[in-house]
Each structure stands twice: as C-alpha cells, then as structure tokens.
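Chain residues, written in single-letter form:
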Amino acid sequence: MNAVGDMAWYGTSENKTMNPYWLEKYRLNNDIRDRFIMNGNIKYKFNDWLDAEARFGRDQYTTNYENKTYGGSPLITGGSYGVGKNTFFENNFTVALNARKDNLIGKWGGSASVFGQIMKTRSTGIDASTGELQVPNLFYINNSKSFPTIEQSLLQKQINSLYATAEINYDNYLFFNVTGRNDWSSALGLDNRSFFYPSVSGSWVISDMINKTGGSLPSWLSFAKLRGSYAEVGNDLPSFQLYNVYNIEKIQMVIPPLVWGIPNIALAS
C-alpha cells in the first residue's frame, strides 16, 4: 500500500493486475456457522428373527457471512461490502420392519426389510450488498453509492418414500439380492411426482464354498468372489423449477440524502 492508501503493485490500471498480498489483507470473506445434528432411534424386537425400528434425524445450521473489499485497488475505487444470513434444516423420519432367518429351509436363508421415509428440507436466506461505497472503507449497507442490492430466498421440498430389500442365500456363500424404491417428490408435477428405481445383484463366494464342501484352497489364494449387479437410479429437481416466473424489481428515483438537524433543541426541565 502506498502513501495515499492505494494498492502498490506493478502494472497499469488498464490491465487491473492485483497484488496477492494486498488481496490477502484487504479483500476479506468471513462466515460463521452454527450447526446442530440430532439423531434418535427406537427399536423393538418381536422375536429372534423379526424387529421394528423408528429413526429420526435432523441437520440444522445457520450461516452468517460478511464480505469486505477495501478501496484503493483496480477492483473498486471506494471499496464494497456485503452481508447475509442463511438458515437450513433437513428432517428425516424413517420406520422399518426387518426380518432375517438363516437355515430357513435346509441351508437356505433369507432376509427382508420394508421402509417408509419422509424427508423434508427448508432453506431461507437474505443478503445485501452495496456495490461501491460512498465513503471509502466505511462498511455499512446504507453507505452504498447507489441503491443496495437486497435478495431474499426460500427453498423447501418434501420427499415421501417406500422401499424394500430382500436377500436369499444358500449356506452363506451364494447370494441373490433385490431392492426397490418409490419416491414421491413435491418438486415434481402431479403427473410425474412418483418414480420407481429397482436393483438386482448376485454374488458367489467361491473360497467359502470350497472350504464348506471339504475342499482346500491353494496357498496363493485366500479369498475369491464373483459378483454381478444391475441398478436404476432416480432423482428429482431442486425446489420451484417447474414454472416460469417473473422477477420482482423496482425502479427507484435518485434523491440526494438529507438528514435534518435541530440545532436549538433543549432538554425539558
């Protein structure tokens, strides 16, 4: 920084070369986040092969951020300022019914689970920025040379889900799995709100089969497995993407700021 407080660096104002040491000290971005993560779980066991479970989880945070750019650089003559706040939460409610039993019929065993889930998210935000500052390096929103830019946001979405998984195994070395999930998203239109995605997979643990059937593995082999799978995936949209909307803007008149003083005011006795 030179004697008048401007950034000192080689180059000209036309190419706007920036001093990295000046940027590190005089272009500041600061954010503070308070975050809470909560989880709860209740489980009830009916017998040795059947149980039910309910789970709740919440992720919640608030972020406050502030951006300062000092004047005296090719970036902006008088400096700029921005401030904002964002809040977010995600709630997940899940209920499940689980069944598992080995040696169900001979060496055949199996397991199955059915789930229901509600996921809800909500995000709100508000931020303001000045553009160039009227009084250099006085970091207040109302010190903007032009009208400040103020933006407010709201995003919210809910997804209801049903999904299930099932597995059949033979002597715990041959496995076949199938899953299916159906989601209903509030971010999609009524005719396309529901979407389904399945998967199937199979695996064969060759090394376990050899050991269980009385064979032996060569010294250079300790584990061998073959696996194949097929899956489809599904996804929805971010919030409020279905329809064309108008932006809300205002045309404002520029009026010189004036603050009236009362020079002869006196306190009442």
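Thresholds applied
- Residues numbered from 1 in each chain as written.
- Predicted model: local features only at pLDDT ≥ 70, side-chain atom pairs only at ≥ 80, totals over all residues.
- Heavy atoms only, no water.
- Helix = DSSP H or I, 4+ residues; strand = E, 2+ residues; numbered from the N terminus.
- Buried < 20%, exposed > 50% of the residue type's maximum accessible area, 1.4 Å probe, protein only.
- Contact = heavy atoms within 4.5 Å.
- Areas by Shrake-Rupley, 256 points an atom, 1.4 Å probe, with all protein chains shown as cover.
- Salt bridge = Lys/Arg side-chain N within 4 Å of Asp/Glu carboxyl O.
- Pairing = 2+ DSSP bridges.

1. Examining the overall build of the protein chain
(1) Moving on: Tallying secondary structure elements over the protein chain gives 2 helices and 8 strands in all.
(2) Moving on: Taken from N to C terminus, the helices and strands of the protein chain fall in the order α-β-β-β-β-β-β-β-α-β.
(3) Moving on: Out of the 269 residues in the protein chain, the part that is buried amounts to 26%.
(4) Moving on: At a minimum sequence separation of 6, the contacts of the protein chain that also span at least 24 residues come to 61%.
(5) Moving on: Taken as a whole, the protein chain presents about 19600 Å² of accessible surface, with 58% of it coming from carbon and sulfur.

2. As for the pattern of salt bridges
(1) Moving on: Summed over all chains, the structure comprises 9 salt bridges.
(2) Moving on: Across the pair Lys 107 and Asp 171 runs a salt bridge whose closest N-O atoms are separated by 4.0 Å. Taken together, the residues Lys 107 in the loop between strand E3 (79-105) and strand E4 (108-129) and Asp 171 in the loop between strand E5 (149-170) and strand E6 (174-185) connect sequence positions 64 residues apart.
(3) Moving on: Since its relative accessible area comes to 44%, Lys 107 is described here as partly exposed.
(4) Moving on: The class of Asp 171 is buried, set by a relative accessible area of 18%.
(5) Moving on: With a closest N to O distance of 2.9 Å, Arg 181 and Asp 183 form a salt bridge.
(6) Moving on: Among the ionic contacts, a cluster of salt bridges with common partners joins Arg 100, Asp 102 and Glu 167.

3. Looking at the pairing of E6
Within a regular beta strand, the side chains point alternately toward one face of the sheet and then the other, so they alternate between its two faces.
(1) Moving on: As judged from the 12 bridges shared by E5 and E6, these two strands associate in the antiparallel manner. Directly across from Ala 166, in E6, lies its bridge partner Val 178.
(2) Moving on: Hairpin connection, E5 to E6: the antiparallel pair is bridged by 3 residues, and Asp 171 has positive phi, about 55°.
(3) Moving on: Direction of pairing for E6 relative to strand E7 (residues 194-205): antiparallel, over a ladder of 11 bridges. Opposite Asn 177, over in E7, you have Ser 201 as the bridge partner.

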